[in-house]
Amino acid sequence: MTITIDKVRIILVGDSGVGKTCLTHLIASGESLSRPGWTVGCSIEVKLHEYKEGTPQQKPFFIELFDVGGSLNHKNSRGVFYASADGIILVHDLTNRKSHSNLREWLFEILSKEGKDIYKPVTSTVAQRSDEQNNFDPEEFIGAAQMPVLVMGTKLDLVDEKRQPKTVQKAGGIAEQCGAEEIWLNCDDPRSIAAGTTDAVKLSRFFDRVIEKKLQSRDNGFYGGGSVTDRRRYNTAGATLYNINNY
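Residues numbered from 1 in each chain as written. Predicted model: local features only at pLDDT ≥ 70, side-chain atom pairs only at ≥ 80, totals over all residues. Heavy atoms only, no water.

A. View of the overall build of the protein. Scanning the protein from terminus to terminus reveals seven helices and eight strands. Considering the protein as a whole, with its 247 residues, one finds that 43% of them fall into the buried category. Taken as a whole, the protein presents about 13000 Å² of accessible surface, with 47% of it coming from carbon and sulfur. (Helix = DSSP H or I, 4+ residues; strand = E, 2+ residues; numbered from the N terminus. Buried < 20%, exposed > 50% of the residue type's maximum accessible area, 1.4 Å probe, protein only. Areas by Shrake-Rupley, 256 points an atom, 1.4 Å probe, with all protein chains shown as cover.)

Written out as structure tokens, the structure is:
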């Protein structure tokens, strides 16, 4: 029997080298990636997720994970991947505090490409544009973009025991400002988000929020993502049929 399954799109953004590709592969397949390459543009992986698992509302959804390259060389072109996003995973390296502080700039970039008017640019000079980014309020982003956000810190295994990632979790941190949950993990260890773990529950809860938000937007007539009829076919006999040529 063949059934039709809805999809949601989640973009993973963060500085180059923070481990987005390894994280994307781990989420999608449950396996570590031994030899990750540099992402040029965007790579896509897909996970089948059970929405509200264990309840009468349970329903399968395809989670499209868009691993967006973090190179500055592609900053002006990668906005095309933001247009139909339903959720955002902000990725930073726990051993690189700068990658954490730069997450504000990533949110600002996404918002700018989305055309949301939560800041009032008065000039186009580099210095004043930088001031706009510094004054950018992630809480306003949430109100304007209406997209669920999850913050994920990678390379937990490389954090010195005397220097736990509590240095990243501080008052006013990006997760707190966005009202988002946060996960720290080692992408080389499949057990990091194995079924039943606390972090797996957080991730599943985030997926459910993304799906719920999209369903609400569709029901209210404000559906802004991909076409509702653009669904994937899933063969319950065991074969998943998925085509990314639309991208």
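B. Representation of the side chain of Asp199. Mapped onto the elements, Asp199 comes out in helix H7 (residues 198-219). The buried charged residue Asp199 lacks any salt bridge partner; its closest oppositely charged side chain belongs to Lys202, at an N-O distance of 4.3 Å. Excluding residues within four positions of it along the chain, Asp199 makes contact with Ile183, Trp184, Ser192 and Ile193. (Lys, Arg positive; Asp, Glu negative; His and termini not counted. Salt bridge = Lys/Arg side-chain N within 4 Å of Asp/Glu carboxyl O. Contact = heavy atoms within 4.5 Å.)

C. Broad picture of the nonpolar core. With 27 residues, the main nonpolar core has Ile10, Leu23, Ile27, Ile89, Met152 and Leu185 as its most contacted residues. Listing elements by their share of this core, those giving two or more residues are strand E1 (2-13), helix H1 (20-29), strand E3 (59-68), strand E4 (87-93), strand E5 (149-154) and H7. When near neighbours in sequence (up to four residues on either side) are disregarded, Ile89 contacts Ile10, Ile11, Leu12, Val13, Ile27, Leu150, Met152 and Phe206. Of all hydrophobic cores here, the second largest spans 20 residues; its members include Val13, Leu90, Leu103 and Trp106. (Core = buried A, V, L, I, M, F, W, Y, C linked by side-chain atoms within 4.5 Å.)

D. Highlighting the pattern of salt bridges. Under the defined criterion, the tally for this structure stands at 10 salt bridges. With a closest N to O distance of 2.6 Å, Arg78 and Glu109 form a salt bridge. Of this pair, Arg78 sits in the loop between E3 and E4 while Glu109 sits in helix H3 (residues 103-114), and the two are 31 residues apart along the sequence. Using a relative accessible area of 3% as the deciding quantity, one classes Arg78 as buried. By relative accessible area, which is 7% here, Glu109 ends up buried. Of the charged contacts, one joins Lys155 and Asp93 as a salt bridge, the two residues approaching to 3.3 Å between their closest N and O atoms. In this pair, Lys155 sits in the loop between E5 and helix H6 (174-178) while Asp93 sits in strand E4, placing the two residues 62 residues apart along the sequence. Under the relative-accessibility criterion, Lys155 is labelled partly exposed at 26%. Through salt bridges that share partners, Asp6, Lys59 and Arg218 make up one connected network.

E. Broad picture of the packing of aromatic side chains. Evaluated as defined, the whole model comprises two aromatic pairs. Seen in terms of ring centroids, Tyr51 and Phe61 are 5.8 Å apart; in terms of plane orientation they differ by 75°. Their pairing is edge-to-face. Of the two residues, Tyr51 sits in strand E2 (residues 42-51) while Phe61 sits in strand E3, which places them 10 residues apart along the sequence. Judged by its relative accessible area of 7%, Tyr51 is buried. Arranged with centres 6.1 Å apart and planes meeting at 45°, the rings of Phe206 and Phe207 form a pair that is tilted. For Phe206, a relative accessible area of 0% gives the class buried. The exposure class of Phe207 is buried, given its relative accessible area of 1%. (Phe/Tyr/Trp six-rings, centres within 6.5 Å; stacked < 30°, edge-to-face > 60°.)

F. Expanded view of the side chain of Asp15. Along the chain, Asp15 turns up in the loop between E1 and H1. It turns out Asp15 is buried and unbridged, and the closest side chain with the opposite charge, Arg78, is 7.2 Å from it. One polar contact links Asp15 to Asn102, side chain to side chain, over a distance of 2.7 Å. Among the polar contacts made by the side chain of Asp15, one reaches the side chain of Trp106 at a distance of 2.9 Å. In this structure Asp15 touches Lys20, Gly70, Val91, Lys98, Ser99, Asn102 and Trp106, once residues within four positions along its chain are discounted. (Polar contact = N/O pair within 3.5 Å; in protein donor to acceptor, adjacent residues only side chain to side chain.)

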